Amino acid sequence: RTFSTCTVGAITCGFTIQVLTDTTTYNFSMLTACRFMMTLYTIIQACQVLLIYGLSPDIETFTKTEISQMPTNACIGLEKSKWTVVKLSLLFMIDSFGGSFVLQSIVSGWFFHIY
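In this text, all values refer to a predicted model and were calculated from it rather than measured experimentally.

Draft legend 1. A look at the overall build of the chain. A tally of helices and strands in the chain yields 4 helices and 0 strands. Listing the helices and strands of the chain from first to last along the sequence gives α-α-α-α. Across the 115 residues in the chain, those meeting the buried criterion constitute 10%. Sequence-distant contacts, at least 24 apart, represent 48% of the contacts inside the chain between residues at least 6 apart. With the model as given, the accessible surface of the chain reaches about 9800 Å², and the carbon-plus-sulfur share is 69%.

Right, dumping it as C-alpha cells:
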C-alpha cells in the first residue's frame, strides 16, 4: 500500500511539473514548478497534521476515568513510558516527512530525465 501511494504521488508530482513547465499553458521555469510542488506538499502535510490533531477523544478505547478505575496490573495504557513513546513518534514523523521528500524527488527526477 505504501509503495503504490508513493508511486501515485511521484507520478502526480512529475505530471504536475510537466504541465507547469509546458510553454503553451503556464510556462513556469523548472525551479518555480519544483518550488510550487514542494510548497503544495508542505501545505498538504500541514492539513494532515490539523486533521489528526482535531480527532475526537471518542476514538480512544477507554476514557481516563475507565483507565483510572482499572487495577494497576491491567497493563493498559502508557503510564510510565508515555513521553518516550511521544518522543519516538515525533522522531519517526520527522524521518517519514524527510524521507518522503527524498524518495519522491528522486523518482520524479528519474521520470523527468527518462521520459
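Draft legend 2. Representation of the environment of Thr 24. Mapped onto the fold, Thr 24 is located in the loop between helix H1 (2-21) and helix H2 (30-53). A residue is classified by how much of its surface remains accessible, and Thr 24, at 67% relative accessible area, is exposed.

Draft legend 3. Inspection of H2 at higher detail. Under the 1.5 Å per step criterion, the end-to-end length of H2 is 35 Å for 24 residues, consistent within 8% with the ideal 34 Å. Along H2, the residues that are buried comprise Ala 33, Met 37 and Tyr 41.

Draft legend 4. Representation of helix H4 (residues 82-114) in the model. Relative to the 48 Å expected for 33 residues at 1.5 Å per residue, H4 spans 47 Å between its end C-alpha atoms, a close match to the ideal helical length. When H4 is considered as a whole, its buried residues turn out to be Ser 100, Gln 104 and Ser 108.

Draft legend 5. Seen up close, a nonpolar patch on the surface. Together, Trp 83, Val 86, Leu 90, Met 93 and Ile 94 line one region of the surface with nonpolar side chains, adding up to about 520 Å² of accessible area. By the element assignment, Met 93 lies in helix H4.

Draft legend 6. Just the packing of H2 against H4, in detail. Interhelical geometry of H2 versus H4 gives an angle of 145 degrees and a closest axis separation of 12 Å. Crossing hand, H2 versus H4: right-handed. Contact residues: Met 30, Met 38, Tyr 41, Thr 42 and Gln 45 in H2; Phe 97, Ser 100, Phe 101, Ser 105 and Phe 112 in H4. When grouped by side-chain class, the residues that make up the contact of H2 with H4 number 6 nonpolar, 4 polar and no charged.

Calculation rules
Each residue is numbered by its place in its chain's sequence as written, counting from 1. With pLDDT at 70 or above as the cut-off, local features in this predicted model cover only qualifying residues; side-chain atom pairs require 80 or more to be listed or tallied, and sums for whole chains, interfaces and linings still use all residues. The basis for the side-chain values is all heavy atoms of the structure; hydrogens and waters are excluded. Here a strand is any run of E in DSSP of at least two residues, a helix any run of H or I of at least four, and the numbering for each starts at the N terminus. Think of it in three bands: residues with accessible area under 20% of the maximum for their type are buried, residues over 50% are exposed, and the middle band is partly exposed, with areas taken using a 1.4 Å probe on protein chains only. In this description, contact between two residues means that some pair of their heavy atoms is separated by no more than 4.5 Å. To measure how exposed things are, a 1.4 Å probe is used in the Shrake-Rupley method; for residues, cover is taken only from the protein chains shown. In a helix, the anticipated span is given by 1.5 Å times the number of residues less one. A patch consists of residues whose relative accessible area exceeds 30% and which take part in no salt bridge; residues with like charges are grouped when within 9 Å of each other, and nonpolar side chains (Val, Leu, Ile, Met, Phe, Trp, Tyr) when within 5 Å. The salt bridge definition used is simple: a Lys or Arg side-chain nitrogen within 4 Å of an Asp or Glu carboxyl oxygen. Lines fitted to the C-alpha atoms define the axes, with helices restricted to the stretch that makes contact. Angles between their N-to-C directions range from 0 to 180 degrees. Handedness of a crossing is defined here by the sense of rotation of the near helix relative to the far one, left-handed for an anticlockwise turn of less than a right angle and right-handed for a clockwise turn. Three categories are distinguished: nonpolar for Ala, Val, Leu, Ile, Met, Phe, Trp, Tyr, Cys and Pro, charged for Asp, Glu, Lys and Arg, and polar for the others, with Gly belonging to the last.

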